[in-house]
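Residue strings, one per chain:
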There are 2 protein chains.
Amino acid sequence: MISETALRWGGGGSIIRELSAYGAQRAREVGPENVFDFAIGSPSADPPPTLHAAVRRLMDFVPPAELHTYVPAPGIPAVRAKIADYLNRSFSMAYRPEDICLTDGASSALALLCRVLLAPGEEVIIPTPAFPEYWVYVEAMGATVKAVPCLAESFQLDLAALEAAVTERTALVILNSPNNPSGAVYPREDLEQLTAMLSRRERELGRPIYLLADEPYRELVYGGTEVPFLPGMYPDAIYCYSFSKSLSIPGERVGFLALHPEAAERDRLFDAIQGAMRITGYLCVSPLFQLAAAECLGTTADVSVYERNRDLICDGLRRLGYQFPEPQGAFYLLLKAPEGDGRAFSRRCMAEDVLVVPGEEFFCPGYVRLAYCVPEERLRRALPAFRKIAESYGILP
Amino acid sequence: MISETALRWGGGGSIIRELSAYGAQRAREVGPENVFDFAIGSPSADPPPTLHAAVRRLMDFVPPAELHTYVPAPGIPAVRAKIADYLNRSFSMAYRPEDICLTDGASSALALLCRVLLAPGEEVIIPTPAFPEYWVYVEAMGATVKAVPCLAESFQLDLAALEAAVTERTALVILNSPNNPSGAVYPREDLEQLTAMLSRRERELGRPIYLLADEPYRELVYGGTEVPFLPGMYPDAIYCYSFSKSLSIPGERVGFLALHPEAAERDRLFDAIQGAMRITGYLCVSPLFQLAAAECLGTTADVSVYERNRDLICDGLRRLGYQFPEPQGAFYLLLKAPEGDGRAFSRRCMAEDVLVVPGEEFFCPGYVRLAYCVPEERLRRALPAFRKIAESYGILP
């Protein structure tokens, strides 16, 4: 009676949740200042003052029944127009307001697109490490993931392996840059090669291969790293964006997808997205928060805190003998497990009240993910614990 | 490639949207004060002052990064506890916080439950008239709706017909009282008979028949009409509630479902709902609005405006010779088409700039739905147009 598909992903807790529950228990036992929780990727920076100012202004000046009413499922027309305009100015694109569709963050955009574009037997190419929820969206449709490991150490794209993975059953490629969990940002040259290969394969196979560009971390890059805009290279790239990280409002669920005006089957695809929204009982994104986010386009929370955190933790860990690729974006770091086993390393860290997620959760064995979106103080205070762990592994220089 | 299921419900506009676009065009031509739009069921009453006060207080006193962060998918624990407590006090129930699951309004609760409880070949019993989105949720799962027309004129449940509709393939019954579009409220005696019948059939068939109690209009009842609490009669009733109408915040998408602690397969069902949430990329309801709504439990917008509207429009239409069952709840009225054709009647009304939805959209042929959740002024000013229409049909007394 009860859907086995739904049960498959509903039962049991995730490791992140288990770590979080353990952290809460330890906080009661030894005090919250002595628990170093780096498990969850929730922004620590405050939303920009412009956001609350916009919310307050909207509440002051828009009649309340109007401010909180139903709005069209793809978004408030003025908000869609502002987003299209912002993308066009930022990335030299030609989006029209009707190409933008507001969604409950990027996750619902990705889930909707998988709902619409996948069928049993089809394949989705995902470079790993990657966010595990992609597997849920894909496998719930009866499609399968072809995981293509990134290059060792650098976690950059393995272009030859990606090309080899494309078959006549490839419906989608999901790309997430800046990457969760590796912090890698894929450079323009690689993306140009990748999209040229996909264009060629589209022509050879006579079917579209959509590229989902999952980019909630776009603004979180360090040292002037460029995040190339994929739809500028490849019309079948669907841009999936969330204001969760840039405005520090992950719980409010405001994001959008942008369909390239020249995407294959553009009109049918847009209609199908609307249909998939109806099937899930989706009506609209909060009008208050879509209006407020639209007023904040081009501004962000003070994301420089993440760069300072990155520098602090990278420097500290390097001195202690740890190995890791230096993150260029997002607020994650993949730390190599000295014994080559991410789960064992995560457990060893837990014993010192340091909470990090085994890389195995992200299809990246032998590492742990450290989310450094925390108060700087917590990073500083965690270094002695990391020293103790390094000593126990004998890696301290 | 593109899902035909999704396309089926995504292409083409709904009649309500078409009416709305026509109304906007006419407003530009003849002035908004001369267009009488009764097509959309969007609350006209302002949210209660307590709601905005709660939102402002939360913004003033909760650290912003904390206020807008990710919260657990089934809801903030304190909010779930408050809701359970409120239901227990109001309806003498014994819900635990873990029986409550926040959802994006009642629509996403219904869609999630259909996702989890239906499979191809199964049947869902729905008394008609009814909200057409139910068909989308059911048919997207490959299940079928068995529509059971309510009694003529009164639009009350046809208990004998409902009993006859139950088969070994019946997985769900969806009940919506106060009803959209009829305004009927099902009395206790009928619901007791219905749930007794369902309990008996559950035992005979050896499988649960879940009853989805879709009750976003619970607080909108007139003349002291009782809205019995279905889970109090039937443990397999799943309560689906939305704050959209009671607090006039439909766009903010705050609702919940409550699983009876003694529901069949309670734990597996709850797990499957969590899995279905992951499949749709759902993460959480806005923490700001779930906290604010929880502070407003037991208070509502000034819903007395809808009762005044109902009295005004019922009195006015009756004097003009129209026939309709007097609504006991919600903010809809089903007006009988003098020529017996709801679509023709809706078109005749359009010619006088009166916008009403053909009852055919709600599986109620021969009627139109009039949503009287509008400023009182609009109702008064529409009466001369209704007089002209009545004259043209020769029904004016």
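The model shown is predicted, which means the values in this text are computed figures rather than measured ones. (Residues numbered from 1 in each chain as written. Chains lettered and ligands numbered in written order. Predicted model: local features only at pLDDT ≥ 70, side-chain atom pairs only at ≥ 80, totals over all residues. Heavy atoms only, no water.)

Colleague: Break down the side chain of Arg-253 of chain A for me, citing the residues and quoting the values.
Modeller: For Arg-253 of chain A, the position within the fold is in the loop between strand S7 (237-242) and strand S8 (255-258). Buried within the structure, Arg-253 of chain A lacks any salt-bridge partner; its nearest side chain of opposite charge belongs to Asp-104 of chain A, at an N-O separation of 6.1 Å. A distance of 2.8 Å separates the side chain of Arg-253 of chain A from the backbone oxygen of Pro-250 of chain A, its partner in a polar contact. Once residues within four sequence positions are removed from consideration, Arg-253 of chain A is found in contact with Thr-103, Asp-104, Gly-105, Ser-107, Ser-244 and Val-285 of chain A together with Tyr-70, Gly-281, Leu-283 and Cys-284 of chain B. (Helix = DSSP H or I, 4+ residues; strand = E, 2+ residues; numbered from the N terminus. Buried < 20%, exposed > 50% of the residue type's maximum accessible area, 1.4 Å probe, protein only. Lys, Arg positive; Asp, Glu negative; His and termini not counted. Salt bridge = Lys/Arg side-chain N within 4 Å of Asp/Glu carboxyl O. Polar contact = N/O pair within 3.5 Å; in protein donor to acceptor, adjacent residues only side chain to side chain. Contact = heavy atoms within 4.5 Å.)

Colleague: Kindly report on helix H11 (residues 287-295) of chain B, identifying the contributing residues and their values.
Modeller: Across the nine residues that make up H11 of chain B, a large majority, seven, are buried. The complete set of buried residues in H11 of chain B reads Pro-287, Leu-288, Phe-289, Gln-290, Ala-292, Ala-293 and Ala-294 of chain B. Contacts made by the buried residues of H11 of chain B are with helix H11 (287-295) of chain A together with helix H3 (49-61), helix H4 (64-67), helix H5 (77-91) and strand S2 (100-103) of chain B.

Colleague: I'd love a proper account of the interface of chain A and chain B, names of residues and values included.
Modeller: Between chain A and chain B, the residue contacts involve 69 residues of the former and 69 residues of the latter. Carbon and sulfur atoms supply 58% of the area buried between chain A and chain B, which totals about 5,800 Å² over both sides. Between the two partners, chain A and chain B, sit 24 residue pairs in polar contact (both at pLDDT 80 or more). At the level of secondary structure, the elements contributing two or more residues to the side of chain A that touches chain B comprise helix H1 (4-10), helix H3 (49-61), helix H4 (64-67), helix H6 (105-117), helix H7 (133-139), helix H10 (266-279) and H11 of chain A. When residues of the side of chain A that touches chain B are assigned to their parent elements, the largest contribution, nine residues, is made by H10 of chain A. Here the residues of the side of chain A that touches chain B sort into 33 nonpolar, 20 polar and 16 charged. (Buried area = accessible area lost by both parts, 1.4 Å probe. Nonpolar A, V, L, I, M, F, W, Y, C, P; charged D, E, K, R; others polar.)

Colleague: Lay out the packing of aromatic side chains with the relevant residues and their values.
Modeller: Taken as a whole and assessed by the stated rule, the structure comprises 38 aromatic pairs over all chains. For the pair Phe-331 of chain A and Tyr-332 of chain A, a centre-to-centre distance of 5.1 Å together with 75 degrees between the ring planes defines the contact as edge-to-face. Since its relative accessible area comes to 0%, Phe-331 of chain A is described here as buried. Residues Tyr-322 of chain B and Phe-386 of chain B carry aromatic rings whose centres are separated by 5.8 Å and whose planes lie at 85 degrees to one another, so their mutual orientation is edge-to-face. Of the two residues, Tyr-322 of chain B is situated in the loop between helix H12 (304-319) and strand S9 (332-336) and Phe-386 of chain B in helix H14 (residues 376-393); the sequence distance between them amounts to 64 residues. With respect to class, Tyr-322 of chain B is no different from Phe-386 of chain B; both count as buried. Members of the aromatic cluster, each reached through a chain of ring pairs, are Phe-91, Tyr-95, Phe-229, Tyr-239, Tyr-241, Phe-243 and Phe-256 of chain A. (Phe/Tyr/Trp six-rings, centres within 6.5 Å; stacked < 30°, edge-to-face > 60°.)

Colleague: Explain the relation of the copies chain A and chain B to me, using residue names and the numbers behind them.
Modeller: The operation relating chain A to chain B is a screw motion whose rotation component is 180 degrees, with 0.0 Å of axial translation and a residual RMSD of 0.0 Å. Here the two chains are linked by the operation of a two-fold rotation axis. Taking C-alpha positions as reference, the residue of chain A nearest the rotation axis is Thr-280 of chain A, located at 3.7 Å. (Least-squares fit on C-alpha atoms with pLDDT ≥ 70 in both.)

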